[in-house]
Amino acid sequence: NMLDAFEPIHGVLLIEGQDIDPALYNDDEMVTDVKPWETLHAGDTALDHSKDEIEFELTKRCIERNIPFLGICRGSQVINVLAGGTLYSDVESELGHANGNTHVKHVDYDNYDGHRHPIEVIEGTPLFDMFREKTLNVNSYHHQGVKKLAPRFSPMAYAADGLIEAFYDPTLFEPESGKFVLGLQFHPERLRDGNDQLEYSGCSKVYELFAKAVRSFQLTSLQAERIEFERQVETEYSSNMREESALGDERIGMDIVESIVSIGQQSQLALYYPEFAQKRIRNAFRDDNSQKVHSFDENANAAPMVRMSSVPDVNALCAPLVPEQVPSA
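Reference entry: report on the structure contained in this document. The shown structure was predicted, so the numbers you read here are calculated from the model rather than taken from an experiment. (Residues numbered from 1 in each chain as written. Predicted model: local features only at pLDDT ≥ 70, side-chain atom pairs only at ≥ 80, totals over all residues. Heavy atoms only, no water.)

This paragraph deals with empty space enclosed by the protein. According to the stated counting rule, one finds two cavities of 30 Å³ or more in the structure shown. Looking at the lining of the largest cavity residue by residue, the classes come out as eight nonpolar, one polar and one charged. (1 Å grid on protein atoms, 1.4 Å probe; cavity = no way out; pocket = protein on both sides within 12 Å on 5 of 7 lines; lining within 4 Å. Points joined across faces, edges and corners; volume = space filled by probe spheres on them. Nonpolar A, V, L, I, M, F, W, Y, C, P; charged D, E, K, R; others polar.)

Structure follows, in structure tokens:
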């Protein structure tokens, strides 16, 4: 799977794009006899099944592992559908025809970035805490929208026509602990005035809290992975040291080296914590008679000063475990 190349994933920001295929949310009550949007929103209604497949798989991983997730516009719709919600295939045609709802223009092609409409923010929600406003005038670039909100989510804001404009998972919203699942129909980063300044201070807070959650989730994940990494290394070390080999200490030492380097190359943790594996590799070449660790020339390629004639340079053996540049947490 292409997504495997991006593992480990510590946070996902999913944004805009074409319509989600209605077959993916299978709403039996979907209006099928009123489809003016197929012409009006031709660019959006050209479905991209590959995009749907990739983004749904990515979002599924986030849901299964509680990975911090921020869905903007289409991104919020993706996680709602995947969690069991549905969408209006066209908000103005479907919601606007129901019960005489107040008409809201959710996309204006003649004033694309300048168009705004008000939303009412629910007090006590993360959105209110970020913006400290009961009413926001938000941008709007969509013609699909949340119809049935997935059971796990709670709404944070509504448009005048009743459309849910923001939601979150109340069981997974604690950014300082790495918990963050939030969906916004509008784009905070594009809410800018004529001087290209953000219209609300809360616009930046959305992304600041998301970044905080990602960093926390990463550190928590690395801690858990480090424990598992050290357990694997210790198991290999202990197992090999107990074995009796016809080749003697030299062969036992090489078995340990090969096992630990293999674990390190397969583990992301080796990029962050190579010293534990290096220590165990060096201990593999301990002189069992004297119980003294052999010394190595750290500055040259000279052969190690040990009684075993063909032991390779341990510094070189550790090289696959040493990162060229350790990324900042």
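All right, on to the side chain of Asp21 then. Summarising the element assignment, Asp21 is placed in the loop between strand S1 (12–14) and helix H1 (37–40). For Asp21, which is buried and forms no salt bridge, the nearest opposite charge comes from Arg74, at a distance of 9.7 Å. Side-chain polar atoms of Asp21 contact the side chain of His49, separated by 3.5 Å. For Asp21, the contacting residues outside a window of four places in its chain are Leu47, His49 and Asp52. (Helix = DSSP H or I, 4+ residues; strand = E, 2+ residues; numbered from the N terminus. Buried < 20%, exposed > 50% of the residue type's maximum accessible area, 1.4 Å probe, protein only. Lys, Arg positive; Asp, Glu negative; His and termini not counted. Salt bridge = Lys/Arg side-chain N within 4 Å of Asp/Glu carboxyl O. Polar contact = N/O pair within 3.5 Å; in protein donor to acceptor, adjacent residues only side chain to side chain. Contact = heavy atoms within 4.5 Å.)

Within the largest apolar cluster, 31 residues are counted, with the highest numbers of intra-cluster contacts made by Leu127, Phe131, Leu182, Leu184 and Phe186. Looking at this core, the elements with two or more residues in it are strand S2 (69–72), strand S4 (117–121), helix H6 (126–131), strand S5 (135–138), strand S7 (154–159), strand S8 (164–174), strand S9 (179–184) and helix H7 (202–242). When neighbours within four sequence positions are excluded, Leu127 is seen to be in contact with Val121, Arg132, Met156, Ala157, Ala166, Leu184 and Phe186. Ranked by size, the runner-up nonpolar core spans 24 residues in total, among them Ile67, Phe69, Ile164 and Val181. (Core = buried A, V, L, I, M, F, W, Y, C linked by side-chain atoms within 4.5 Å.)

Enumeration over the complete set of coordinates arrives at eight aromatic pairs. For the pair Tyr168 and Phe173, a centre-to-centre distance of 6.0 Å together with 85° between the ring planes defines the contact as edge-to-face. Exposure class is identical for Tyr168 and Phe173. Each is buried. Ring centres of Phe173 and Phe180 lie 5.0 Å apart, and the angle between their planes is 40°; on these two criteria the pair is classed as tilted. Of the two residues, Phe173 and Phe180, both sit in the buried class. In this structure, Arg190 packs its charged tip against the face of Tyr141, placed 4.3 Å from the ring centre. (Phe/Tyr/Trp six-rings, centres within 6.5 Å; stacked < 30°, edge-to-face > 60°. Lys NZ or Arg CZ within 6 Å of the ring centre and 35° of its normal.)

As a further point, take the environment of Arg152. Relative to the helices and strands, Arg152 is located in the loop between strand S6 (145–146) and S7. When its relative accessible area of 31% is taken as the criterion, Arg152 is described as partly exposed. When the C-alpha positions of Arg152 and Gly84 are compared, they lie 8.8 Å apart, and in sequence the two are 68 residues distant. Ignoring anything within four residues of it in the chain, the contact list for Arg152 reads Ile63, Ala83, Tyr168, Asp169, Pro170 and Leu172. In this structure the side chain of Arg152 is engaged in a polar contact, spanning 2.8 Å, whose partner is the side chain of Asp169.

Bringing the pairing of S4 into the picture now. The alternating pattern of S4 places His117, Ile119 and Val121 on a buried face and Pro118 and Glu120 on a face that is not buried. The pairing of S4 with S5 spans four bridges and is antiparallel. If you follow Ile119 over to S5, its bridge partner there is Leu136. One ladder, built from three bridges, connects S4 with S7; its direction is antiparallel. Bridged to Ile119 within S7 is Ala159. (Pairing = 2+ DSSP bridges.)

That's the geometry; what it means functionally is another story.
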